[in-house]
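Breakdown of the fold
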Amino acid sequence: MTRVNVPVEMNEDLYDKMQELCDELGLDMDTAISIFAQKMVNEEGMPFEVTEKDLPADEEAMQRARRLKTAGIIGALAALIGVVTGIVLTVRMFRNRRG
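This is a predicted model, so every value here is computed, not measured.

Along its 15 residues, helix α2 (residues 29–43) runs 21 Å from first to last C-alpha, staying within 8% of the 21 Å computed at 1.5 Å per residue. Its side-chain oxygen at 3.2 Å from the backbone nitrogen of D30, D28 defines the N-terminal cap of α2. Once α2 finishes, E44 follows within two positions and takes phi at roughly 55 degrees, a positive value.

A side chain with one charge may pair with a side chain of the opposite charge, provided their charged atoms come close. Across all of its chains, the model carries two salt bridges by this definition. When the shortest N-O distance is used, the salt bridge between D13 and K17 registers 3.2 Å. One end of the pair, D13, and the other, K17, are both in helix α1 (residues 12–25), four residues apart, so they sit about a helical turn from each other. A relative accessible area of 45% places D13 in the partly exposed class. On the accessibility criterion, K17 (52% relative accessible area) is exposed. Between K39 and E43 there is a salt bridge whose closest N-O contact spans 3.2 Å.

This next bit is on the packing of α1 against α2. Helices that pack against each other are described as a pair by the angle of their axes relative to one another and the distance between those axes. Running from N to C, α1 and α2 cross one another at 90 degrees; their axes reach a closest spacing of 9 Å. The orientation of α1 with respect to α2, classified from their angle, is roughly perpendicular. When α1 is examined against α2, the residues Y15, M18, Q19 and C22 are found in contact with a partner set consisting of M29, A32 and I33. Looking at the contact of α1 with α2 residue by residue, the class counts come to six nonpolar, one polar and no charged.

So, how was this worked out
Residues numbered from 1 in each chain as written. Predicted model: local features only at pLDDT ≥ 70, side-chain atom pairs only at ≥ 80, totals over all residues. Heavy atoms only, no water. Helix = DSSP H or I, 4+ residues; strand = E, 2+ residues; numbered from the N terminus. Expected span 1.5 Å × (residues − 1). Polar contact = N/O pair within 3.5 Å; in protein donor to acceptor, adjacent residues only side chain to side chain. Salt bridge = Lys/Arg side-chain N within 4 Å of Asp/Glu carboxyl O. Buried < 20%, exposed > 50% of the residue type's maximum accessible area, 1.4 Å probe, protein only. Axes fitted to C-alpha atoms, helices over the stretch in contact; angles between N-to-C directions. Parallel < 35°, antiparallel > 145°, perpendicular 65-115°, else oblique. Contact = heavy atoms within 4.5 Å. Nonpolar A, V, L, I, M, F, W, Y, C, P; charged D, E, K, R; others polar.

Right under this line is the structure:
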């Protein structure tokens with residue numbers, strides 16, 4: 001079977017901890033990642049529950065998460081402003097009709 005190279009980036013602290021654990025388990029990192037990939041395929045999804053605590057803690061990932069959260073908040077505020085504006089215009093229209 002043809003093998004492919006899959007570059008994986010992670011923060012150095014996480015890499016060191018994973019390397020240490022793999023050594024303790026008698027695995028190399030390539031084998032550990034291949035086992036994870038096979039398990040994911042077998043399960044047809046993540047083979048375990050993922051929580052916010054499990055997300056990468058590197059600074060770049062945290063900045064992306066903050067930007068997404070900020071964009072979500074801005075989007076929600078824009079939608080709220082649109083709803084309030086629609087209500088105000090509707091009320092004005094009804095008042096103008098009454099005369």
